[in-house]
Amino acid sequence: MAEQRKNDFSQGSIAKNILSLAIPLTVAQLTVVLYNVVDRAFIGHIDTIGRDAFTGIGLVMPATYIITAFANLCGTGGAPLFSIARGRGDDKQASRIMGVSFTLLLLLGAGLTVIFYLFQTPFLYLVGGSDSTVVHARNYLQIYLIGVIPVMISLGMNPFINAQGFGKVGMMTTLLGAVINLILDPVLIFGLHMGVQGAALATVIAQACSAVWVLAFLTGKKAVLQLERASLGLELPILKRICGLGLTGFTFSVTNSLVQALGNAQLQAYGTASGSGDLYVAAMTAIVSIREIVVQPVRGLTQGAQPVMGYNYGAGKYSRVRESIKFITLTCLGYNFVIWVLLLAFPRVFILLFNDDPALLEVGVSTMRTYFAAYVMMNFQFIGQNTFVALGRAKNAVFFSLFRKVILVVPLMLLLPRLWGLGAYGVFASEPVSDLIGGSACYITMMCTVWRDMKRPDEA
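Computed from a predicted model, the values in this text were never measured in an experiment. (Residues numbered from 1 in each chain as written. Predicted model: local features only at pLDDT ≥ 70, side-chain atom pairs only at ≥ 80, totals over all residues. Heavy atoms only, no water.)

Caption draft 1: Structural detail: the overall build of the protein. Along its length, the protein carries 17 helices and zero strands. Burial status across the protein gives 61% buried among its 460 residues. Long-range contacts, defined as pairs at least 24 residues apart, comprise 84% of the intrachain contacts of the protein with a sequence gap of at least 6. As displayed, the protein has an accessible area near 17400 Å², and 68% of this comes from carbon and sulfur atoms. (Helix = DSSP H or I, 4+ residues; strand = E, 2+ residues; numbered from the N terminus. Buried < 20%, exposed > 50% of the residue type's maximum accessible area, 1.4 Å probe, protein only. Contact = heavy atoms within 4.5 Å. Areas by Shrake-Rupley, 256 points an atom, 1.4 Å probe, with all protein chains shown as cover.)

Caption draft 2: Summary view of the packing of aromatic side chains. Counted according to the given criterion, the structure contains 14 aromatic pairs. For the ring pair Tyr140 and Tyr144, a centre distance of 6.0 Å and an interplane angle of 20 degrees mean the geometry is stacked. Of this pair, Tyr140 and Tyr144 are both found in helix H5 (residues 131–144), four residues apart, which corresponds to roughly one turn of the helix. Each member of the pair, Tyr140 as well as Tyr144, is classed as buried. Their ring planes at 80 degrees and their centres at 5.1 Å tell us that Tyr371 and Phe372 sit as a pair that is edge-to-face. Looking at Phe372, the relative accessible area reads 1%, which means it is buried. (Phe/Tyr/Trp six-rings, centres within 6.5 Å; stacked < 30°, edge-to-face > 60°.)

Caption draft 3: A look at the environment of Tyr270. Mapped onto the elements, Tyr270 comes out in helix H9 (residues 236–272). The sequence separation of Tyr270 and Val224 amounts to 46 residues, and the corresponding C-alpha distance is 54 Å.

Caption draft 4: Spotlight on the nonpolar core. Formed by 142 residues in total, the largest nonpolar core has its most connected members in Tyr140, Met157 and Leu218. Looking at this core element by element, the count peaks at 19 residues for helix H3 (residues 50–87). Residues in contact with Tyr140, not counting those within four places in the same chain, are Asp39, Ile43, Ile57, Val60, Val196, Ala199, Ala200 and Thr203. (Core = buried A, V, L, I, M, F, W, Y, C linked by side-chain atoms within 4.5 Å.)

Caption draft 5: A look at unusual backbone geometry. Phi is positive for Trp420, close to 55 degrees, though the residue is something other than glycine. Looking at where Trp420 falls in the secondary structure, it is placed in the loop between helix H16 (394–415) and helix H17 (424–453).

Caption draft 6: Structural detail: a nonpolar patch on the surface. The grouping of Phe337, Val338, Val341, Leu342, Phe346 and Val349 at the surface amounts to a nonpolar patch, some 550 Å² of accessible area in total. Residue contributions to the nonpolar patch peak at four residues, all from helix H12 (residues 318–345). We classify Val338 as partly exposed; its relative accessible area is 47%. (Patch = residues over 30% accessible without salt bridge, like charges linked within 9 Å, V, L, I, M, F, W, Y side chains within 5 Å. Salt bridge = Lys/Arg side-chain N within 4 Å of Asp/Glu carboxyl O.)

Caption draft 7: View of the environment of Ala178. Of note, Ala178 is situated in helix H7 (residues 167–191). The exposure class of Ala178 is buried, given its relative accessible area of 6%. Separated by 145 residues in the primary sequence, Ala178 and Val33 place their C-alpha atoms 9.1 Å from one another.

Caption draft 8: Examining the confidence of the model for the protein more closely. Mean pLDDT over the protein: 82, with 94% of residues reaching 70 or higher. Below a pLDDT of 50 lies the segment residues 1–6, which in the model reaches five contacts outside its immediate sequence neighbourhood of four places, other chains included. (pLDDT = per-residue confidence, 0-100.)

Caption draft 9: Spotlight on the side chain of Ser101. Within the secondary structure, Ser101 is located in helix H4 (residues 91–126). Discounting residues that sit within four places of it in the chain, Ser101 has contacts with Cys74, Gly78, Phe160 and Ile242.

Caption draft 10: Broad picture of the side chain of Gln381. By the element assignment, Gln381 lies in helix H15 (residues 378–390). On the accessibility criterion, Gln381 (5% relative accessible area) is buried. If near-sequence neighbours (up to four positions away) are discounted, Gln381 is found in contact with Phe400, Ser401, Arg404, Gly438, Gly439 and Cys442.

Below, the structure written as structure tokens:
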């Protein structure tokens, strides 16, 4: 009971409550991304095959996004419902939500492992692979698939640690994996001359350690609510709510996979005529890797605010929900503006992290400035979507995730390369157009719905 009072988000400073979760969560997410990006950076600097191997990893990214999507279905679907139940004082329901989420996660992980093993080669060609790059992608993916279930446990159950107010413990989940991965990468890739396969093996071992950490905490005495055998299994009403709300995080990652796959295929098609298909795919791989790094503080802050907003919404503290929205809006805007300027001013520095091939640097600098032209507007997409998720408004959150990626980006990637002689550059130009339209539409809708609804008086 003392721990529950300590993690009562209806009391104290909103900024302090959000930052207490957001800072460790941001560090954790940055760590996850960094050790994925470090894999790519090490691979990109392998002698003689570096650029082809790096491009091959770009082909694997759609698969990893799909795996992340199913982990998000469980984690981002279950954790906000878990927070709302805790805010209402219904600990039994909160525990059941966590148990159903874990059961679903295990079943999905087993299914994904089998499917990708059976169809990995046609999948890699479908997402823009060539004979010179698919061999490297397959070498990586075959080993990575061994760790699908640990990856999903780490990603999908860590939100339940954060939702209980243990942000630092959640941060340690990924710090543990990152340290192990960073140690093993150079040893396996260069020391034991395993190349791409060494990078994959390092990732699998690191994620397995993170998964053990998550389960040890959630089943241990320090957790406010423990993951218990009695709470496991599938319960249809809870399953529907988890999947309904989790569709936001799921859709975000699946559409990332779709866009990455379509982008690679379009770049391969439009670049092949000039013999630059693999080069453009490599540039996109570097740019997406950079985006994954710089977006994490915004993602960490908005996701860190979810338990605070959800708890206060469940407790009837609507003024504190509005205060949370104000805080994340101003903080995210300030950060994103600084990053936006740096990305446009120093693109070469960022590209050099992955490969120093002169042709890749030339293409990467120009395409990166195109891709990030309206990057600051993505800020509003994250704020709007995460606010909808925090309050259990699944339909709104899913719609705007689909709107930006499927309704906007996919048609733009197909159309823009055909206009004004843009060719491959049209693929990169689709991103800023979707940032501008999608971000504006999501945030304005959130303000006209959630913000207006939260103006009602607080409940006693």
